[in-house]
Amino acid sequence: MNNNDRVNFGSRLGVVAAAAGSAVGLGNIWRFPYELGQNGGAAFLLIYLGFVLLLGMPIMLSEFLIGRMGQANSAGSFKQIAPNSKWSLIGVMGVIASFLILGFYAVVSGWTLEYVVQAIGDQFRNRDTATLAQVFTNFSSNSYRPLLWMFLFAVGTYFIVLAGIKDGIEKSSKFLMPMLLILIIALGARSITLPNGYEGLQFLFRPDFSRINSEVVLGAMGQAFFSMSLGMGCMITYGSYINKKNQLSHTVIEVSIIDTIIAILASIAIFPAVFSLGINPAQGPELVFITLPSVFANIPGGYIWSIVFFVLLAVAALTSAISLLEVIVAYFVEEFKIKRQKAALIATIIIIVLGTLASLSLGPLKDVQVFGHGLFSLFDTISSRILMPLGGLAIAIFTGWIIDTDKIKAELSNNGKFNIKYVPVFLFLTRYLAPILISIIFIHQLLS
Ligand code: TRP
């Protein structure tokens, strides 16, 4: 593809909005709180923040850099930068990861749609936590209702990706994300003031270091990759749409801050309520879907709030799903010369099949276990605890050791126009720290 033909994100705000739209999603509001709850609270948060700083930010910058230099999809960019090498396999692995992630992501996104409808039907009012938990279990283990929502969500994502980069992704992210932020802050304010809410804050902010083990560390690393959309070519693909005038380092900082703040704010909205209502913080994937409806039941105007919240959560899921689907579509279109429509259609069909398996694994297919995991949790585990860190490892090594340092400097400074004093730190992180850290965690996990 000729570089000049490539679509670009329109404005600077558009770049940040689209990348933040990818990063901010169910990972922040659904996955982060339940992982934190299962992994001991504040200690997990602390380790997570370390990973964002030491792995997440340099790898996000590496991905943007690779994409903008290569001007192609997640595999094609490697081919452009290092022709005749095997590095493009990282991109292929990323496409596989995209499918697996979307397989369960579409299911949970479907849940958010169900909860929009429940909110509209005023289903949370006057229900205690035990009842709300029962409602969730009945719904998610039902054989057809979650499938219907998953299907709807996947088809919606398909249509938006078809509309193309600029129109579909950029416009929708720009005003909806700030709305979500405001709503979460308001929810947090309510949650903290519930009786015993401070216990939740303690759980969240007062670390108990005895809770740290290799499982917690691996979980925090996987969560950082998942939440920041890293390690599988998503930000490479988006990087290829960023124009040369954008200062990539600034975009990385902005996106990382937004993503981290939303995850923390979501936890502030959730954990005080968890402790106040006597919910088990290690409940698992259903945590948010039980806790927040209970909070809504306790807020004046909770009816409206709950509708707006679940609508915005569905939108946040959508902007993330779009970025995941875009990885696959860009790859099919550019590497196999398939038309965009056809590529998106094939991908969506595969996603619906995987989504069906993931969804049914919580109900009728509960007994199908692979490596001790049901399919839903298998897709999640393979992608976030294996493929993404592996991809991140390879991306860091590629950036630190393969790309020519002068070319990195030229790309990041837009040929000398921007200040790039941070580059030595960046190179240290990609060359040494990130590869060593990820390897140690992997090896430790294999041995334990
Ligand atoms: N980061 C998104 C979230 O937090 C999910 C997501 C989008 C993602 N693109 C990704 C996760 C790429 C891993 C890789 O919900």
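Scroll up to find the structure this text is about.
What comes next concerns the included structure. (Residues numbered from 1 in each chain as written. Predicted model: local features only at pLDDT ≥ 70, side-chain atom pairs only at ≥ 80, totals over all residues. Heavy atoms only, no water.)

## A few points about empty space enclosed by the protein
By the definition in use, this model includes two cavities of 30 Å³ or more. Estimated volume of the largest cavity: approximately 140 Å³. Around the largest cavity, the lining is made up of 16 residues, and of these Ser 22, Tyr 105, Phe 226, Ser 229 and Leu 324 lie nearest the centre. If you tally residues by element for the lining of the largest cavity, the top one is helix H14 (residues 302-336), at three residues. (1 Å grid on protein atoms, 1.4 Å probe; cavity = no way out; pocket = protein on both sides within 12 Å on 5 of 7 lines; lining within 4 Å. Points joined across faces, edges and corners; volume = space filled by probe spheres on them. Helix = DSSP H or I, 4+ residues; strand = E, 2+ residues; numbered from the N terminus.)

## Comments concerning the packing of helix H3 (residues 42-70) against helix H10 (residues 214-227)
Their axes nearest at 9 Å, the elements H3 and H10 cross at an angle of 45 degrees. Between H3 and H10, the angle is such that the two are oblique. Relative to H10, H3 is oriented so that their crossing is right-handed. Contact residues: Phe 44, Ile 47, Tyr 48, Phe 51, Leu 55 and Ile 59 in H3; Val 216, Val 217, Gly 219, Ala 220, Met 221, Gln 223, Ala 224, Phe 225 and Ser 227 in H10. Classifying every residue of the contact of H3 with H10 gives 12 nonpolar, three polar and no charged. (Axes fitted to C-alpha atoms, helices over the stretch in contact; angles between N-to-C directions. Parallel < 35°, antiparallel > 145°, perpendicular 65-115°, else oblique. Left-handed = near helix turned anticlockwise from the far one by under 90°. Contact = heavy atoms within 4.5 Å. Nonpolar A, V, L, I, M, F, W, Y, C, P; charged D, E, K, R; others polar.)

## Observations concerning the site of the ligand
By nearness alone, 17 residues border the ligand, and Ala 23, Gly 27, Tyr 105, Phe 226 and Ser 229 come closest of all. Note that a nitrogen atom of the ligand is positioned 3.1 Å from one of the backbone N or O atoms of Ser 227. For the ligand, a nitrogen atom lies 3.3 Å from a polar atom in the side chain of Ser 323. Considered on its own, the ligand offers 360 Å² of accessible surface; in the complex 100% of this is hidden by protein. Counting atoms within 2 Å of the grid points, the majority share of the ligand lands in the largest cavity. Among the elements of the structure, helix H1 (12-23), helix H2 (26-38), helix H5 (89-120), H10 and H14 are those that each provide at least two residues to the shell around the ligand. (Near = heavy atom within 4 Å. Polar contact = N/O pair within 3.5 Å; in protein donor to acceptor, adjacent residues only side chain to side chain. Areas by Shrake-Rupley, 256 points an atom, 1.4 Å probe, with all protein chains shown as cover. Sits in = over half its atoms within 2 Å of the grid points.)

## Topic: the packing of aromatic side chains
Under the defined criterion, the tally for this structure stands at 31 aromatic pairs. Plain terms: the ring middles of Phe 203 and Phe 275 are 5.3 Å apart, the flat faces sit at 50 degrees to each other, and that makes the pair tilted. Of this pair, Phe 203 sits in helix H9 (residues 197-205) while Phe 275 sits in helix H12 (residues 248-277), placing them 72 residues apart in sequence. Given the relative accessible area of 22%, Phe 275 is considered partly exposed. Its guanidinium or amino end placed over the ring of Phe 226, Arg 31 lies 4.9 Å from that ring's centre, counting from NZ or CZ. We note Arg 431 situated over the ring of Trp 401; from NZ or CZ to the ring centre the distance is 5.8 Å. (Phe/Tyr/Trp six-rings, centres within 6.5 Å; stacked < 30°, edge-to-face > 60°. Buried < 20%, exposed > 50% of the residue type's maximum accessible area, 1.4 Å probe, protein only. Lys NZ or Arg CZ within 6 Å of the ring centre and 35° of its normal.)

## What about the side chain of Gln 118?
Within the fold, Gln 118 resides in helix H5. For Gln 118, a relative accessible area of 8% puts it in the buried group.

## A closer look at the packing of H2 against H12
Between H2 and H12, the shortest axis-to-axis distance is 9 Å and the interhelical angle comes to 65 degrees. The crossing of H2 and H12 is right-handed. Across the interface between the two elements, Asn 28, Ile 29, Phe 32, Pro 33, Leu 36 and Gly 37 of H2 pack against Asp 259, Ile 262, Ala 263, Ala 266, Ser 267, Ile 270 and Phe 271 of H12. Residue composition of the contact of H2 with H12, by class: nine nonpolar, three polar and one charged.

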